[in-house]
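# Observations on chain architecture
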Amino acid sequence: MGLQDTIAVVTGAAGGIGAAVAGRLAGLGATVVRADLAYDAPEGDRVHLDVTDPASWERLRDAVHRDHGPIALLVNNAGVSRRADLVGTSDEEFGRVFAVNAFGPWRGIKTFADDLARTGGSVVNVGSIYGVTTPPAGDGTVPSSVAYQMSKAAVHQLTKVAAVELAPRGIRVNAVLPGVFRTPLLSGLPPEALQARVRGAPLARPGELDELSAVLAFLAGPGSSFVTGALLPVDGGYLAAA
């Protein structure tokens, strides 16, 4: 399955899932524009993007059009978390998580909808199993993030709504729901808390990023041409056992 002649934008591409996905897509022949808040100045196909800022999205679109043309794939991956219980989460923390995780994907789809309609393109959102269920509670765990879980549930619903509304324009919209992967987002977990989450999956191990990027590349490519509105867990069976 190749992605030659595909222009793709991947958000949150400086590390973790985003970097793995960008590398996979490039390996399949796509021209990948890596967008991230960590990129202070443009350098090749690395572009600064604040997903919470509509003007930043528009600057990204203008830069991509100038250098490449209309995109055929948008991967909404940028995300943040805040480990605090419901009462302990501040208004500012809650707002920041929602702005990045939920507003960002919505604004990205809105920004590039005309491109995607022109190219018959697709969107892949990065959701989470924790937008469907909750992390394990009890000894050896840490507070989960109510804001993160709510925001990922919003991404799942965005995926369904966008799939229905944009289908007449020839745009497919799907989401992957990662389980437990060794990424910077989980780097702060104590080993016992990580193991408590790993035990929830029948395959009983963390996922590897190349396993997730392979599934995402399938949803992005021509092999999934009749798939839209899907929320596809990549979780070692975690949701099946939950």
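Residues numbered from 1 in each chain as written. Predicted model: local features only at pLDDT ≥ 70, side-chain atom pairs only at ≥ 80, totals over all residues. Heavy atoms only, no water.

### Some words on helix α3 (residues 91-119)
We count it as follows: Secondary structure follows DSSP: runs of H or I at least 4 residues long count as helices, runs of E at least 2 residues long count as strands, and numbering of each begins at the N terminus. The span expected for a helix works out to 1.5 Å for each residue beyond the first.
Helix length check: α3 (29 residues) gives 40 Å between terminal C-alpha atoms against 42 Å at 1.5 Å per residue, within 8%. One or two positions beyond α3, positive phi appears at Gly 120, with a value near 65 degrees.

### Digging into the sheet that holds strand β2 (residues 31-36)
The line we're drawing: For two strands to count as paired, DSSP must find a minimum of two bridges between them. Note on definitions: angles span 0 to 180 degrees between N-to-C directions of axes, and those axes are lines fitted to C-alpha atoms, for helices only across the stretch in contact. Here a residue-residue contact requires only that any non-hydrogen atoms of the pair lie within 4.5 Å.
One open sheet accounts for 7 strands, arranged β3-β2-β1-β4-β5-β6-β7; its pairing is parallel. This sheet does not close on itself; its edge strands, each paired only once, are β3 (46-48) and β7 (231-234). Pairwise comparison of adjacent strand axes, ignoring direction, gives a mean angle of 20 degrees for this sheet. Inspection of the sheet shows strand β1 (residues 7-11) paired to strand β4 (residues 73-76) by 3 bridges, in the parallel sense. From the neighbouring strand, Val 10 faces β4, where its bridge partner is Val 75. Sheet contacts for helix α2 (residues 54-67): β1, β2, β3 and β4; angle to β1, the most-contacted strand, approximately 150 degrees. Across the sheet, α3 touches β1, β4 and β5 (122-126), and the angle it forms with β4 is around 180 degrees.

### Quick notes on the packing of helix α1 (residues 16-27) against helix α6 (residues 209-220)
Here is the rule: For classification purposes, angles smaller than 35 degrees are called roughly parallel, those larger than 145 roughly antiparallel, those between 65 and 115 roughly perpendicular, and all remaining angles oblique. The hand of a helix crossing depends on one turn: near helix anticlockwise from the far one by less than a right angle means left-handed, and clockwise means right-handed. Residue classes follow a fixed rule: Ala, Val, Leu, Ile, Met, Phe, Trp, Tyr, Cys and Pro count as nonpolar, while Asp, Glu, Lys and Arg count as charged, and any other residue, Gly among them, counts as polar.
As a packed pair, α1 and α6 sit with axes 9 Å apart at the nearest point and diverge in direction by 55 degrees. Looking at the two axes, α1 sits oblique to α6. Crossing angle aside, the handedness with which α1 passes α6 is right-handed. Residues Gly 16, Ile 17, Ala 20, Val 21, Arg 24 and Leu 25 of α1 lie in contact with α6, whose contacting residues are Leu 209, Asp 210, Leu 212, Ser 213, Ala 214, Leu 216 and Ala 217. Grouping the amino acids of the contact of α1 with α6 by side-chain chemistry returns 9 nonpolar, 2 polar and 2 charged.

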